[in-house]
Amino acid sequence: MTDSDRQEPEAAELVRPYVITNGRDLPEGDQFSLITLVTAAADHPQRRTRLSPEEQSLLEMCSGGYLSVAEIAGHMHLPMGVVKILLNALAEGGYLITRAPVARARLVDEQILQEVLDGLRARFG
């Protein structure tokens, strides 16, 4: 085995994400968190031919219902950044529907809970 044979697999791993994303980068306002839910929009078969094989696989995976970004990355065996770039491109093209995670609920003041508990105890013993 020559030195060039040993270096080739490493070089392929370094180039692959760049090739998959066509050199694209995430936009400034990254809309995809790990728990953002994604599903495929209405099918447009005539436009799907312009998509890369990875984008077509991603769309096929999402056509079954909502999946989180983390689940998609796990199923596709791709780095999270690459998946987010592909999802962003597909969402901009109208291929995907996204549902942002629900905002975290504001915690209730402990004093209010204590007053309710005291009131219930006073009323019902």
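Residues numbered from 1 in each chain as written. Predicted model: local features only at pLDDT ≥ 70, side-chain atom pairs only at ≥ 80, totals over all residues. Heavy atoms only, no water.

Asks: So what about unusual backbone geometry? Which residues, and what values?
Replies: With phi around 55°, His 77 is a residue other than glycine that occupies positive phi space. Mapped onto the fold, His 77 is located in the loop between helix H4 (69–76) and helix H5 (80–92). (Helix = DSSP H or I, 4+ residues; strand = E, 2+ residues; numbered from the N terminus.)

Asks: Describe the packing of aromatic side chains, and please don't skip the residues or the numbers.
Replies: As enumerated under the stated definition, the model contains zero aromatic pairs in all. One residue, Arg 99, lies across the ring of Tyr 66, its end atom 5.0 Å from the ring centre. (Phe/Tyr/Trp six-rings, centres within 6.5 Å; stacked < 30°, edge-to-face > 60°. Lys NZ or Arg CZ within 6 Å of the ring centre and 35° of its normal.)

Asks: Tell me about a nonpolar patch on the surface, residues and numbers included.
Replies: On the surface, Val 108, Ile 112, Leu 113, Val 116, Leu 120 and Phe 124 cluster together into a nonpolar patch covering about 610 Å² of accessible area. Residue position: Val 116 is located in helix H6 (residues 110–124). (Patch = residues over 30% accessible without salt bridge, like charges linked within 9 Å, V, L, I, M, F, W, Y side chains within 5 Å. Areas by Shrake-Rupley, 256 points an atom, 1.4 Å probe, with all protein chains shown as cover. Salt bridge = Lys/Arg side-chain N within 4 Å of Asp/Glu carboxyl O.)

Asks: Could you give an account of H5, naming the residues involved and the relevant values?
Replies: Here H5 is 13 residues long and its end C-alpha atoms lie 18 Å apart, about the 18 Å a rise of 1.5 Å per residue gives. The complete set of buried residues in H5 reads Val 82, Val 83, Lys 84, Ile 85, Leu 86, Leu 87, Asn 88, Ala 89 and Leu 90. Two residues or fewer past H5, Gly 94 is found with a positive phi of approximately 85°. (Expected span 1.5 Å × (residues − 1). Buried < 20%, exposed > 50% of the residue type's maximum accessible area, 1.4 Å probe, protein only.)

Asks: Would you mind going over H6 in detail, with residue names and values included?
Replies: Taking 1.5 Å per residue, 15 residues should reach 21 Å; H6 reaches 21 Å between its end C-alpha atoms and fits that length. Of the residues trailing H6, Gly 125 is marked for its positive phi of about 85°.

Asks: Help me get a handle on a negative patch on the surface, residues and values and all.
Replies: A contiguous patch of negative charge on the surface is contributed by Asp 109, Glu 110, Glu 115 and Asp 118. For Glu 115, the position within the fold is in helix H6. (Lys, Arg positive; Asp, Glu negative; His and termini not counted. Charge placed at Lys NZ, Arg CZ, Asp CG, Glu CD.)

Asks: Tell me what's going on with the side chain of Lys 84, and back it up with residues and numbers.
Replies: Position of Lys 84 relative to the elements: it lies in helix H5. Residues in contact with Lys 84, not counting those within four places in the same chain, are Leu 26, Asp 30, Phe 32 and Val 69. (Contact = heavy atoms within 4.5 Å.)

Asks: So what's going on with the pairing of strand S1 (residues 37–40)? Residues and values would help.
Replies: Taken together, the two bridges between S1 and strand S2 (residues 67–68) define a ladder with antiparallel strand orientation. Among the inter-strand pairings, Leu 37 is bridged to a residue of S2, identified as Ser 68. In this sheet, strand S3 (residues 96–99) lies alongside S1 in antiparallel orientation, the contact comprising four bridges. Paired with Val 38 across the bridge in S3 is Thr 98. (Pairing = 2+ DSSP bridges.)

Asks: Pulling in residues and values, what's your account of the sheet that holds S1?
Replies: If you trace the three strands from one edge of the open sheet to the other, you get S2-S1-S3, paired in antiparallel fashion. Each edge of the sheet is formed by a strand with only one pairing partner; in this case those strands are S2 and S3. Docked against the sheet, helix H3 (residues 53–62) engages S1, S2 and S3, running at close to 100° with respect to S1. (Axes fitted to C-alpha atoms, helices over the stretch in contact; angles between N-to-C directions.)

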